[in-house]
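Take a look at the letters that make up each chain.
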Amino acid sequence: MTARLRESLHTAAADVPAYPVYKRALATARRSRRRTALGAAAGLALVVTAGLFLPPAGTDFVGPASIEAEAALPDRVGLPPFGSLRAGDWPRLGPASVIFTGQAPRLTYGDEGSVIAVVGADDRYRIIKGGIEDQAGEDTLLSPDGRQIAFGPGAFWDADVKVIDLVTGASRTVTGGVPDTVMAEPAGWSPDGQALVVRDTVRVDPQGSNYLQVLTLVRLDDNRRITLLDGDEERSIPVAFAPDGARVAIQTGRTVTVTDLDGRQVASFALEPETELAGKGAWSPDGRTLTVTRRDGDRWSLRQVDPGTGRDLGALDLPAVTGVTAIRLLGWATDGSARVVAYRPAPGARAFDVPLAMDERLAYGNVGTVEVLALHSGTEQPATLLTAPRDVVAIDVADSVVRSGQTRTADPPLGVGPRFWFWTVLGTLLVGGVAAYRNRSALALWRFQRRARRGRA
């Protein structure tokens, strides 16, 4: 090779730009790291999404139609798991069989807020964050078909009733349209679930020392309102629709008023001492009589009265219930047995063999737990159908479940719910992503050095 050729080659080599080996290696490492991180994040997101949107393994999704066909009462309820899905979350729950409230763990939030537990037909649980000391069956109501739940805010600063549809997940507000109302609560569902009775509390004087109650029937399809009871000082509990939906029985104080759906009074009569309108299921299945509860010391029994005059028609051939603060009649099964809620006293609660207003008997501090009992004709003792944990103090059951008379073996969920896993995984991804981004240079160098060692090996 001549000197001129060597010089030309050296010159040509000097003109060739240097290949940035180290920088290119770092860039390649960064791309690989990003792809790996994105792949892992996508995989985790897919797992989380599958956990949220698909039923647990071995559980078939139960749609509204099958729930209606298999209406049955669970033989027990448990507390909703921490991180349970909300009532409007996907997958939709469909019509519920039971709702309950109380002061047990996971049934409260904030200072005094109530969590409404919703139980589907297949032991899937949902929750609703309600108002202050909500009472299922009193001011928090499950529609007759179990599809809708109506609940109030439970405070004197919100005059709207909330209604959530468990099939569609949609929610809406319902108002009685009463001027100067300070609080609104649901009081009763019509048998077809197309109308809701709203109880408005109206302040009488500026000082807020006196209030009146106004009951309004609100049609949910066109929002038409009809006043059923106006200006009563006593809180109306309960409200019972006749099976055909044409009449409504309302107790205020010691008086029962029966109206038609246009608000016209059909009858009014006073109840005897220690006698109360039995509950939302107070009408007999044929609509000819009303059922009342009679307390005799520690013994509670069901009696019939004439809905036109209040005349006592005698005791029903059903077993009495003892050892409870009160009972509420949910309705009648197809076999003719009565389904009642029994409110068991809390430990250390005051004696209940003395006259007390019903709202005191059902107050949170006086009830320890609840049970659903069946009262069969000709038997001596009630049959226990459903039990609840301690401090579950109120419960409501769909009318379709009551009528079916069926009971199923329940398996309430344990552990934690999907929302817990969702936020846990999401938080882990976010923390890991931030940490990886802040240490990206060190990670890239580590991966480059690792690859270099592998290449030398």
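Now for a quick tour of the structure. (Residues numbered from 1 in each chain as written. Predicted model: local features only at pLDDT ≥ 70, side-chain atom pairs only at ≥ 80, totals over all residues. Heavy atoms only, no water.)

Attention shifts here to the pattern of salt bridges. Evaluated as defined, the whole model comprises 17 salt bridges. The shortest N-O distance in the salt bridge between D262 and R264 comes to 3.4 Å. Assessed through its relative accessible area of 48%, D262 is described here as partly exposed. Overall, R264 belongs to the exposed group, its relative accessible area being 51%. The salt bridge partner of D286 is R288, with a shortest N-O separation of 4.0 Å. When sorted by exposure, D286 lands in the same class as R288, which is exposed. A single network of salt bridges, built from pairs that share partners, joins E272, R294, R303 and D312. (Salt bridge = Lys/Arg side-chain N within 4 Å of Asp/Glu carboxyl O. Buried < 20%, exposed > 50% of the residue type's maximum accessible area, 1.4 Å probe, protein only.)

Time to look at the sheet that holds strand β26 (residues 383–387). The 4 strands are arranged β23-β24-β25-β26 in an open sheet whose pairing can be described as antiparallel. The outermost strands of the open sheet, each flanked by one partner alone, are β23 (326–332) and β26. Here the strands of the sheet are splayed against their neighbours by 30° on average, with no regard to which way each runs. With 8 bridges joining them, strand β24 (residues 338–345) and strand β25 (residues 367–375) adopt antiparallel strand pairing. Paired with P345 across the strands is V367, a residue of β25. (Pairing = 2+ DSSP bridges. Helix = DSSP H or I, 4+ residues; strand = E, 2+ residues; numbered from the N terminus. Axes fitted to C-alpha atoms, helices over the stretch in contact; angles between N-to-C directions.)

Turning our eyes to something else, we now look at unusual backbone geometry. For the bond from W90 to P91, the omega torsion is 0°, close enough to zero to count as cis. Phi is positive for E133, close to 50°, though the residue is something other than glycine. Take E133: it is sitting in the loop between β5 (125–132) and β6 (140–142). Positive phi, close to 70°, is recorded for D391, a residue that is not glycine. Turning to its location among the elements, D391 is positioned in the loop between β26 and β27 (392–397). Its relative accessible area of 23% is what places D391 among the partly exposed residues.

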